[in-house]
Amino acid sequence: MEREFTDFIHNQVKRYQGNPAYLLQILRNIQRLCTHIPENAIVLLATQLAISPPKIRALIEFYHFLHYRPRGQYDIYISDSIIDQMSGKNEIAAYLCEKLNIKLNQPSADNLLTIANTPCTGMSDQGPAALINGRALPRLTQKRVRQIVAKIQAGIAIEAWPKEWFAVADNIQSKGVLLNSPSHPGAAIKKALASSPLDSLAEIDKSGLRGCGGAGFKTAKKWKACRLNSGEKKENAPARYVICNGDEGEPGTFKDRVLLNSYSEQLIEGMTLCAYVIGAQKGFIYLRYEYQYLYQKLNDALHKRREANLLGAHILGSDLSFDIEIFIGAGSYVCGEESALIESLEGKRAIPRIRPPFPATQGYLGNPTIVNNVESFCYAALIIEKGADNFSNQGVHGFSGCKLLSISGDVEKAGIYEIPLGIPVKSILNLCAAKSVQAVQVGGPSGTLITPTEFNRVISFDDLNTGGSFMVFNESRDLLENALNFTRFFMNESCGFCTPCRVGSKLLCELADKVAAGHGARLDIDSIKELNHVMKQMSHCGLGQRAAEPLLQTLEKFPEYFAKRITDKEYQPSFDVEKSIQRAKEIISIQNNQEGTQ
Ligand code: SF4
């Protein structure tokens, strides 16, 4: 057995040609085999990949879905987003644990199974949802839980469970230019190859396409910066890379899941176009762990395109040679940030890099790299095939272009909506049949909470910007519960690299818990505000900088949820902004001095 395991590790290293950038993939494969990463695997890998054991252990500790302890034959993660909670997640989780006589987040006594929470499985339109051994279990009910428990107690492998239990619906509710366009594999590439890469770049520029993952950076500008950079040629490494960020981890977002499932031709076409424009030969699709059940379908699509000479050497007889590999993540929200994603792709902890330099000039393995999300690449393919105007003419009220939204929460028609940019929130609420709406969270936990008085505001890069998440809450919801859920999410997802975020996000949770439990005082509100100022100024990336937003926005727009829980009923804000900024500066200065003396 020991011999077999050693051979397995050896074969894994051989499969990835001893390249340490594939460490995360190797660890995932070990985890699949053993349900955890045993210590002897760490020692063997350390020797064969020339990486120190502490570095490998640090990697295992960093990613949510890698473990030292066995998880058992059935490894269950229940989606704990606020939307899943609203759909009855807590009751379903308690029922499942009770039926299986197990505690949440602890392996069963016989090590047969583990049930744990996970932030969001990307199925907010069909929750409560869970993952079992990486496969999706949407629309959980008590009846389905009883059926699942029976299978587990009978020891039946999940491969033999009814297929319909794992069926994830696309739930497309409204189609626009992208979702309505039938797939024409190779159409955009043929058109692009008939003219120069600069012509394609000009068309993307004319369309006004901006990154659809939330940042909204102009796509053509990014591609141009990468194209202009000659890059440092490395042995056996292509000079430029195209990376698709398929790690949509913002709670309440699931539109990339649908694109990956049903529009993969457009995605691959868009990545190939990007390669043509920037001169790349190699691409990666970074698929989030929670979407690994889409891997086979995606891989089949890549294979089909290779057979059709739409991928690989000399695409359609041209000078363009480009191929794509799928990389599966291991659970880290910070990977949504492009430089953190590149770190992960290089087999490291996903800690955001200091920028500049930006990935377009210095990305994967130090080479110029384009990172765009799934939706952006799909739109790029559409723009080249159908023309820039076809895309830019879609906007309303003076805005141009369109966008996919993932709509969930208190609506009759949850799902995917392709909407014109510039559309007001009230029109979207009509489309999805939302009633008695108290608030909408646009752009996920790090986005914007809006009240009914703001429903005339529009979805656009200039007003309400969103990577896709649109969560609706009716009047029955306690919005402080939402804020708490989001704050806990940030605490759990803090990568721990910088102290203000690592410690600050924990303190925020403690303060918010105290207030929610009815033990809060005026001082706690002030402390939340002070922490916000320190974290905003001193955190390394957007997570820490925006971690207090859910609490602060709720406090500003719905103060009653705090007021009724504050023991000091005559609450008067006594927060001194200037004092906090001064304090943050003092801490920064002390840190700088300490670093200078080290
Ligand atoms: Fe990591 Fe938080 Fe610092 Fe970002 S702000 S680098 S998530 S610790």
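Calculation notes
Residues numbered from 1 in each chain as written. Predicted model: local features only at pLDDT ≥ 70, side-chain atom pairs only at ≥ 80, totals over all residues. Heavy atoms only, no water. Helix = DSSP H or I, 4+ residues; strand = E, 2+ residues; numbered from the N terminus. Rg over C-alpha atoms; globule rule 2.2 N^0.38 Å. Buried < 20%, exposed > 50% of the residue type's maximum accessible area, 1.4 Å probe, protein only. Areas by Shrake-Rupley, 256 points an atom, 1.4 Å probe, with all protein chains shown as cover. Core = buried A, V, L, I, M, F, W, Y, C linked by side-chain atoms within 4.5 Å. Contact = heavy atoms within 4.5 Å. Axes fitted to C-alpha atoms, helices over the stretch in contact; angles between N-to-C directions. Parallel < 35°, antiparallel > 145°, perpendicular 65-115°, else oblique. Left-handed = near helix turned anticlockwise from the far one by under 90°. Nonpolar A, V, L, I, M, F, W, Y, C, P; charged D, E, K, R; others polar. Near = heavy atom within 4 Å. Salt bridge = Lys/Arg side-chain N within 4 Å of Asp/Glu carboxyl O. Phe/Tyr/Trp six-rings, centres within 6.5 Å; stacked < 30°, edge-to-face > 60°. Expected span 1.5 Å × (residues − 1).

1. Observations concerning the overall build of the chain
1) Next: For the chain, the helix and strand inventory stands at 24 helices and 14 strands.
2) Next: Against the 2.2 N^0.38 benchmark of 25 Å for 598 residues, the chain shows a C-alpha radius of gyration of 24 Å, consistent with a compact globule.
3) Next: With respect to the three principal axes, the spread of C-alpha positions in the chain is 75 × 65 × 65 Å.
4) Next: Relative to its 598 residues, the chain shows a buried fraction of 57%.
5) Next: Accessible area for the chain stands at about 24,600 Å²; split by element, carbon and sulfur atoms hold 50% of it.

2. Re the nonpolar core
1) Next: The biggest cluster of nonpolar side chains holds 77 residues, and the ones touching the most others in it are Leu 27, Ile 30, Leu 45 and Ile 56.
2) Next: Tallying contributions element by element places helix H18 (residues 479-493) first for this core, with seven residues.
3) Next: With near-sequence residues (within four places) excluded, Leu 27 lies in contact with Ile 37, Leu 45, Ile 56, Leu 59, Ile 60 and Leu 66.

3. Concerning the packing of helix H9 (residues 197-207) against helix H10 (residues 219-228)
Working note: a packed helix pair is described by the angle between its axes plus the distance between those axes.
1) Next: Between H9 and H10, the least distance of the axes is 8 Å, while the angle of their chain directions is 150°. The orientation of H9 with respect to H10, classified from their angle, is roughly antiparallel. The interaxial crossing formed by H9 with H10 has left-handed handedness. Seen from H9, the contacting residues are Pro 197, Leu 198, Leu 201, Ile 204 and Asp 205; seen from H10, they are Thr 219, Ala 220, Trp 223, Lys 224 and Arg 227.
2) Next: Residues of the contact of H9 with H10, tallied by class, amount to six nonpolar, one polar and three charged.

4. Digging into the site of the ligand
1) Next: The environment of the ligand is formed by Pro 352, Ser 494, Cys 495, Gly 496, Phe 497, Cys 498, Cys 501, Ser 539, His 540, Cys 541, Leu 543 and Gly 544.
2) Next: A breakdown of the residues in the shell around the ligand according to their chemical character gives seven nonpolar, five polar and no charged.

5. Side note on the side chain of Arg 71
1) Next: Following the sequence through the fold, Arg 71 ends up in the loop between helix H4 (53-62) and strand S1 (74-79).
2) Next: With residues up to four places along the chain from it excluded, the contact list for Arg 71 reads Gln 31, Thr 35, Tyr 77, Leu 112, Leu 113, Thr 114 and Ala 116.

6. Quick word on the environment of Ala 215
1) Next: Looking at the secondary structure, you find Ala 215 in the loop between H9 and H10.
2) Next: Using a relative accessible area of 75% as the deciding quantity, one classes Ala 215 as exposed.
3) Next: On a C-alpha basis, the gap between Ala 215 and Ile 285 in space is 19 Å, while along the polypeptide they are 70 residues apart.

7. Description of the environment of Leu 100
1) Next: Topologically, Leu 100 is positioned in helix H6 (residues 89-100).
2) Next: Leu 100 sits 50 residues away from Ala 150 along the chain, and the two C-alpha atoms are 9.5 Å apart.
3) Next: Not counting the four nearest positions on each side in its chain, Leu 100 is found in contact with Leu 113, Ile 115, Val 149, Ile 152 and Gln 153.

8. Describing the pattern of salt bridges
It is possible for side chains bearing opposite charge to pair when their charged atoms get close.
1) Next: In total, this model carries 30 salt bridges according to the counting rule given.
2) Next: Taking the shortest distance from any N to any O, the salt bridge between Arg 257 and Asp 125 comes out at 3.0 Å. Here Arg 257 is found in helix H11 (residues 255-262), whereas its partner Asp 125 is found in the loop between strand S2 (113-118) and strand S3 (130-132), with 132 residues between them in sequence.
3) Next: What makes Asp 125 buried here is its relative accessible area of 11%.

9. Quick notes on the packing of aromatic side chains
1) Next: Under the counting rule described, the total for this entry stands at 16 aromatic pairs.
2) Next: Both rings, one in Phe 65 and one in Tyr 77, keep their centres 4.7 Å apart while their planes meet at 85°; by these two values the pair is edge-to-face. With Phe 65 in the loop between H4 and S1 and Tyr 77 in strand S1, the pair connects residues that are 12 residues apart, well separated along the chain. Tyr 77 carries the same exposure label as Phe 65, and that label is buried.

10. Let's talk about H6
Spacing of three or four residues puts side chains on the same side of an α-helix, whose turn is 3.6 residues.
1) Next: An ideal rise of 1.5 Å per residue puts 16 Å on 12 residues; H6 measures up with 16 Å between its terminal C-alpha atoms.
2) Next: The complete set of buried residues in H6 reads Lys 89, Ile 92, Ala 93, Tyr 95, Leu 96, Cys 97 and Leu 100.
3) Next: Positive backbone phi, approximately 55°, marks Asn 101, located one or two places after H6.

11. Quick notes on unusual backbone geometry
When glycine is set aside, most residues are seen to have a negative phi, and most peptide bonds are trans.
1) Next: Across the junction of Arg 355 and Pro 356, the peptide omega takes the value -5°, indicating a cis bond.
2) Next: Examined against the element boundaries, Pro 356 turns out to sit in the loop between helix H14 (338-345) and strand S9 (369-373).
3) Next: Put simply, Pro 356 and Pro 357 share a cis peptide bond, and its omega is 5°.
4) Next: With respect to the element layout, Pro 357 can be found in the loop between H14 and S9.
5) Next: Even without glycine at this site, Ala 433 takes up a positive phi of about 55°.
6) Next: Counting through the fold element by element, Ala 433 comes out in the loop between helix H17 (425-431) and strand S12 (437-442).
7) Next: By relative accessible area, which is 18% here, Ala 433 ends up buried.

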